[in-house]
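Structural features, examined
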Amino acid sequence: VMAVFFWKRANAAGAVTSIAVGTAVTVAWNAAARLADPAAPAVGFQAVARLAAAVDAIYPALVGSLLSLVLVSLATAPPREEQVKLFFQPAEAA
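To keep things clear, this report deals only with the structure shown in the data block. (Residues numbered from 1 in each chain as written. Predicted model: local features only at pLDDT ≥ 70, side-chain atom pairs only at ≥ 80, totals over all residues. Heavy atoms only, no water.)

1. A few points about the packing of helix H1 (residues 12–34) against helix H2 (residues 45–54)
Heads up, the rule is: For helices, the fitted axis covers only the stretch in contact; all axes are lines through C-alpha atoms, and the angles between them, taken along N-to-C directions, range from 0 to 180 degrees. A run of H or I in DSSP counts as a helix once it spans at least four residues, and a run of E counts as a strand once it spans at least two, with each numbered from the N terminus. The cut-offs work like this: below 35 degrees is roughly parallel, past 145 is roughly antiparallel, 65 to 115 is roughly perpendicular, and the gaps in between are oblique. We call two residues in contact when some of their heavy atoms are within 4.5 Å. Polar here means any residue outside two lists: the nonpolar Ala, Val, Leu, Ile, Met, Phe, Trp, Tyr, Cys and Pro, and the charged Asp, Glu, Lys and Arg; Gly therefore counts as polar.
Close contact between H1 and H2 brings their axes to 7 Å; oriented N to C, the two are set at 110 degrees. Taken as axis vectors, H1 and H2 run roughly perpendicular relative to one another. Packed against H1, whose contacting residues are Trp29, Ala32 and Ala33, the element H2 presents Phe45, Ala49, Leu51, Ala52 and Ala53 at the interface. Its residues placed into classes, the contact of H1 with H2 shows 8 nonpolar, no polar and no charged.

2. Remarks on the environment of Trp7
Just so we agree on the cut-off: Think of it in three bands: with a 1.4 Å probe and only protein chains considered, a residue is buried below 20% of the maximum accessible area for its type, exposed above 50%, and partly exposed in between.
Looking at where Trp7 falls in the secondary structure, it is placed in the segment before H1. Classification of Trp7 as partly exposed rests on a relative accessible area of 28%. Residues Trp7 and Phe87, spaced 80 residues apart in sequence, show a C-alpha to C-alpha distance of 9.8 Å. Setting aside chain neighbours within four positions, we find Trp7 in contact with Leu69, Val70, Ser73, Leu74 and Phe88.

3. What about the side chain of Ser65?
For Ser65, the position within the fold is in helix H3 (residues 58–75). Not counting residues up to four positions away in its chain, the partners in contact with Ser65 are Ser18, Val21 and Gly22.

4. Side note on H3
The condition that has to hold: How far a helix is expected to stretch is found by multiplying one less than its residue total by 1.5 Å. What the arc describes is the spread of directions from the helix axis to the C-beta atoms.
In a regular helix each residue adds 1.5 Å, so 18 residues correspond to 26 Å; H3 covers 25 Å between its end C-alpha atoms and thus fits that length. Every buried residue of H3 is accounted for by Ala61, Gly64, Ser65, Ser68, Leu69 and Ser73. For H3, the angular spread of the buried residues around the axis is 145 degrees, confining them to a single face. Among the exposed residues of H3, those pointing more than 90 degrees away from its buried face are Tyr59, Val63, Leu67, Leu71, Leu74 and Ala75.

5. Focus: the packing of H1 against H3
Put simply, the rule is: The sense of a crossing depends on the near helix, which, turned anticlockwise from the far helix by less than a right angle, makes the crossing left-handed and, turned clockwise, makes it right-handed.
Remark: H1 packs on H3, axes separated minimally by 8 Å, with the N-to-C direction vectors making an angle of 155 degrees. When the interaxial angle is binned, H1 and H3 end up roughly antiparallel. Handedness of the crossing formed by H1 with H3: right-handed. Contact with H1, carried on its side by Ala13, Gly14, Ala15, Thr17, Ser18, Val21, Gly22, Val25, Thr26 and Trp29, involves Pro60, Ala61, Gly64, Ser65, Ser68, Leu69, Val72 and Ser73 of H3 and no other residues of that element.

6. Remarks on the side chain of Ser73
The topology assignment puts Ser73 in helix H3. According to the relative accessible area criterion, Ser73 is buried, its value standing at 0%.

7. A closer look at H1
Between the first and last C-alpha of H1 there are 33 Å, a value that for 23 residues agrees with the 33 Å anticipated at 1.5 Å per step. By the burial criterion, the buried members of H1 are Gly14, Ala15, Ser18, Gly22, Trp29 and Ala32. For H1, the elements touching its buried residues are H2 and H3.

From the geometry alone we can't say anything about function, so treat these as descriptive.
Below is the structure:
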């Protein structure tokens, strides 16, 4: 959501998708981490579960969130000029 302050092309569809993807990745990552079994061989799902247990969920969630923000914002219509002006007004001369 903060991307709107830094990137003029970010739009509502990208922001909503970014939030949804970040949330879904966090929930799935934490669920996988809870299923990690140190006694089981690290093959298949257990390899993924052990990785999820070792790496904090913020990292994959951030990657997924930013990627979805950029891709969806580029794939949909840009924000209207009056919306952009709300966040990117030129500084007034003193």
